[in-house]
Amino acid sequence: MSNQDYRVRQLIEMEACTNCQICAEICPAASASRQGNLSAVYRMKGLKQILRSRTGLLRRFFGKKKPGDDELNAFGNTVFRCTLCGHCQEICPVGIRLKELWFAIRQDLVHSDLYPKKIDMIRENLQESHNVFAEDNQERAEWVEDMRKVPDHGYLKDRAEVVYFTGCVAAYFPLAQKIPIALAEILDLSGVNFTLLGAEEWCCGFPLLGAGLMDMFQEIMAHNIEVVRKKGARKVIFACPSCYQMWREHYPREFEIAHASQFLMGLMKSNRIPLQELPMTVTYHDPCDLGRGSRIFDAPRQAIQSIPGIKLVELARNRENSQCCGGGGNLEMIDAKLSAEIAKQKIEEVMRTGAEAVVTSCQQCVRTMITYVKRNRISLEILDITQLIHRALKKED
Ligand code: SF4
Ligand code: SF4
């Protein structure tokens, strides 16, 4: 491992930890696995020991032995068993930017060849197929064929005002494909001049962050920027919070960007979406990357409450305190059992509200929660916000 993957600020911040252990109490990975060593406080202690042991001066000062490969591998395994939900960072009373630290450790482990080898799949898939599932990228917009009415342009226009950046999960995962279908139909009905990028869209690069592979990111970013530029678009919209967050934090600010919940709320405010009564009681799950990550808490709630007939009941842990669904941080690839255990906790919390459906604003959350309820035959509907709005569209006579 190499200390160069950490900024000086991060090394200083770690020293501020008071060992209060609040981060361990709220960690979904620690509670679902009942393993305290998956929580932030333990991970940081482990990291500090390793960093000190490999720095000559500090080694002499603290008298630490260099850790052996077994010790480093054991540490590496705990690092990747984390959903990167950011709840620990949100709650830390001394303000340690823990999520950034988790990214840095993953990068360090990759540079030191001490990472779970399943991560190589992300590198290979993105290099060879430009999507995270190793699917044919030419088929990125094939879901369009499942729409009720497909215009001649198939939503692949040469130029448009708005680009809808679909993201890998919605493009390829059958259950999640209902989300782009719903969004495209709403946009069409509202008269938005939009296009997809189709085969020209490459993965946004978000999986690289969690995999410690950001060295590959520049090429991906440059490609995606160039294809949006060619469309002459001024705005890029995303139904996926991870794509949105990636563009918000790591792409140059050349275009206006918006998450679908914000964009649709804007259309609703200007009465461009014709809605009818939808009598339902729903609860809302804040996706980690949209809520804590991008601070978008109100737009989805306002959009839900703008649908006539809808009753919104809040989860016990909502907004900044939302509990992760288990789908983040590439955890499903590393430890599918732990990911499902975290989903179980989430679904149990949802069931306690008595709502008939849980609405969220993320295709990965939809995918994780649906997989859990289907496998366990739980009667609960999981909907993305685009699907809920689509369901409330005024039907043509
Ligand atoms: S990011 Fe989430 S899962 Fe990871 S250590 Fe923090 S609270 Fe636990
Ligand atoms: S919440 Fe912050 S200060 Fe408290 S133990 Fe965790 S990292 Fe340390």
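The model shown is predicted, which means the values in this text are computed figures rather than measured ones. Starting from 1, residues in each chain are numbered consecutively following that chain's sequence as written. Here chains are named by letter from A upward and ligands by number from 1 upward, in the order in which they appear as written. Side-chain atom pairs in this predicted model are given and counted only at pLDDT of 80 or more, local residue features only at pLDDT of at least 70, and totals for whole chains, interfaces and linings cover all residues.

**Observations concerning the overall build of the protein**
Scanning the protein for helices and strands turns up 20 helices and eight strands. For a compact globule of 397 residues, the expected C-alpha radius of gyration is about 21 Å, and the protein comes in at 22 Å, within 12% of that figure. By its C-alpha atoms, the protein is 80 × 45 × 35 Å across when sized along the principal axes. A residue is called partly exposed when the number of other C-beta atoms within 10 Å of its own lies between 12 and 20, exposed at 12 or fewer, and buried at 20 or more, with C-beta atoms placed from the backbone. A total of 397 residues make up the protein; the buried ones form 46% of that total. What counts as a contact here is a pair of residues whose C-beta atoms, placed from the backbone, lie within 7 Å. Sequence separation of at least 24 residues holds for 75% of the intrachain contacts in the protein that already meet a minimum separation of 6. A run of H or I in DSSP counts as a helix once it spans at least four residues, and a run of E counts as a strand once it spans at least two, with each numbered from the N terminus. Using C-alpha atoms as the atom set, the radius of gyration is obtained and then compared with a globule rule of 2.2 Å times the number of residues to the power 0.38.

**Quick notes on the site of ligand 1**
Taken together, 14 residues are adjacent to ligand 1, and C27, A29, C82, C85 and C88 come closest. When contributions to the shell around ligand 1 are tallied by element, the ones reaching two or more residues are helix 3 (28–33), helix 7 (87–91) and helix 8 (98–111). Each residue receives one of three labels: charged for Asp, Glu, Lys and Arg, nonpolar for Ala, Val, Leu, Ile, Met, Phe, Trp, Tyr, Cys and Pro, and polar for the others, Gly being one of them. Along the lines of polarity and charge, the residues of the shell around ligand 1 split into nine nonpolar, four polar and one charged. In this analysis, residues qualify as near a molecule or strand once their C-beta atom, positioned from backbone atoms, comes within 6 Å of it.

**Here's the deal with the sheet that holds strand 7 (residues 357–360)**
Strand pairing in a sheet relies on backbone hydrogen bonds. The paired strands run either parallel or antiparallel. Spatial ordering of the open sheet is given by 6-5-7-8, a layout of four strands whose pairing is parallel. Of all strands in the sheet, those bounded by a partner on one side alone are strand 6 (310–313) and strand 8 (381–384). Averaged over all pairs of adjacent strands, the angle between their axes in this sheet comes to 35°, without regard to strand direction. In this description, strands pair whenever DSSP reports at least two bridges between them. Sheet topology places strand 5 (residues 280–284) next to strand 6; four bridges connect them, and they run parallel. The residue of strand 6 that forms the bridge with V282 is L312. Across the sheet, helix 16 (residues 298–305) touches strand 5, strand 6 and strand 7, and the angle it forms with strand 6 is around 145°. Only the stretch in contact is used when fitting a helix axis, every axis being a line fitted to C-alpha atoms; angles between N-to-C directions are given from 0 to 180 degrees.

**Some remarks on the pairing of strand 4 (residues 256–259)**
Sheet faces and side chains relate simply in a regular strand, where the side chains alternate between the two faces. Sheet topology note: the strand 3 (residues 235–238)/strand 4 ladder contains four bridges and is parallel. Looking at strand 4, one finds that K235 is bridged to E256. For the handedness criterion, the strands are oriented away from the viewer, and a crossover whose path from the first strand over the helix to the second runs clockwise is classed as right-handed. Remark: the strand 3/helix 14 (residues 241–250)/strand 4 crossover connection has right-handed handedness.

**Points about the domain arrangement of the protein**
Note: domain ranges come from an automatic or database domain assignment. Partitioning the protein into structural domains gives domain 1 (3–115), domain 2 (119–266) and domain 3 (274–391). Between domain 2 and domain 3, the C-alpha centre-to-centre distance is 21 Å. Each partner contributes residues to the interface: domain 2 has 28 residues there, and domain 3 has 25 residues. At the level of elements, helix 10 (168–172), helix 11 (178–189), helix 12 (206–211), helix 14 and helix 15 (260–269) are the ones that each hand at least two residues to the side of domain 2 that touches domain 3. Looking at which element gives the most residues to the side of domain 2 that touches domain 3, the answer is helix 11, with six residues.

**Side note on the pairing of strand 3**
One ladder, built from four bridges, connects strand 1 (residues 162–165) with strand 3; its direction is parallel. Among the inter-strand pairings, V162 is bridged to a residue of strand 3, identified as K235.

**Thoughts on the environment of A299**
Here A299 is to be found in helix 16. As for A299 and W202, which are separated by 97 residues in sequence, their C-alpha atoms are 27 Å apart. Residues within four places of A299 in sequence aside, it is in contact with S261, Q262 and M265.

**Here we look at the site of ligand 2**
The local shell around ligand 2 holds 14 residues, among which C17, C20, C23, V41 and C92 are the closest. Among the elements that line the shell around ligand 2, the one with the most residues is helix 4 (residues 40–53), at three residues. Class assignment for the residues of the shell around ligand 2 results in 11 nonpolar, three polar and no charged.

**With respect to the sheet that holds strand 4**
Read from one edge to the other, the open sheet built from four strands follows the order 2-1-3-4, with strand pairing classed as parallel. The open sheet has two edge strands with one neighbour each: strand 2 (194–195) and strand 4. Each of strand 1, strand 3 and strand 4 touches helix 14; the most contacted strand, strand 4, lies at about 155° to it.

**Here we look at the nonpolar core**
V163, L183, F238, C243, I304, M369 and I389 are the most contacted members of the largest nonpolar core, which has 115 residues in total. Setting aside chain neighbours within four positions, we find I389 in contact with I186, L264, I273, A303 and I307. Put simply, a nonpolar core is a cluster of buried Ala, Val, Leu, Ile, Met, Phe, Trp, Tyr and Cys residues tied together by C-beta atoms within 7 Å.

**Things to note about unusual backbone geometry**
With a phi close to 70°, Q21 is a non-glycine residue in the positive phi region. When you line up the elements, Q21 lands in the loop between helix 1 (8–14) and helix 2 (22–26). Under the C-beta neighbour-count criterion, Q21 is labelled partly exposed, with 13 such atoms within 10 Å. Positioned with a positive phi, R319 is a non-glycine residue whose angle comes to about 50°.

**So, helix 14**
Each α-helix winds once per 3.6 residues, and so residues spaced three or four apart point in a common direction. Of all 10 residues in helix 14, seven are buried; the element is thus mostly enclosed. Listed in full, the buried residues belonging to helix 14 are P241, S242, C243, Y244, Q245, M246 and W247. The inward-facing, buried residues of helix 14 abut strand 1, helix 12, strand 3, strand 4 and helix 19 (363–375).

**Regarding the environment of I96**
Within the element layout of this structure, I96 appears in the loop between helix 7 and helix 8. Classification of I96 as buried rests on a count of 23 C-beta atoms within 10 Å. For the pair I96 and N131, spaced 35 residues apart in sequence, the C-alpha to C-alpha distance is 33 Å. Contact partners of I96, with chain neighbours within four places excluded, come to E13, M14, A16 and C17.

**A few points about the packing of helix 18 (residues 336–353) against helix 19**
As a packed pair, helix 18 and helix 19 sit with axes 9 Å apart at the nearest point and diverge in direction by 85°. With respect to helix 19, the axis of helix 18 lies roughly perpendicular. Where helix 18 approaches helix 19, its residues S339, A340, A343, K344, K346 and I347 are matched on the opposing element by T368, M369, Y372 and V373. Class assignment of the residues belonging to the contact of helix 18 with helix 19 gives a composition of six nonpolar, two polar and two charged. An angle below 35 degrees is read as roughly parallel, one above 145 as roughly antiparallel, one from 65 to 115 as roughly perpendicular, and any other as oblique.

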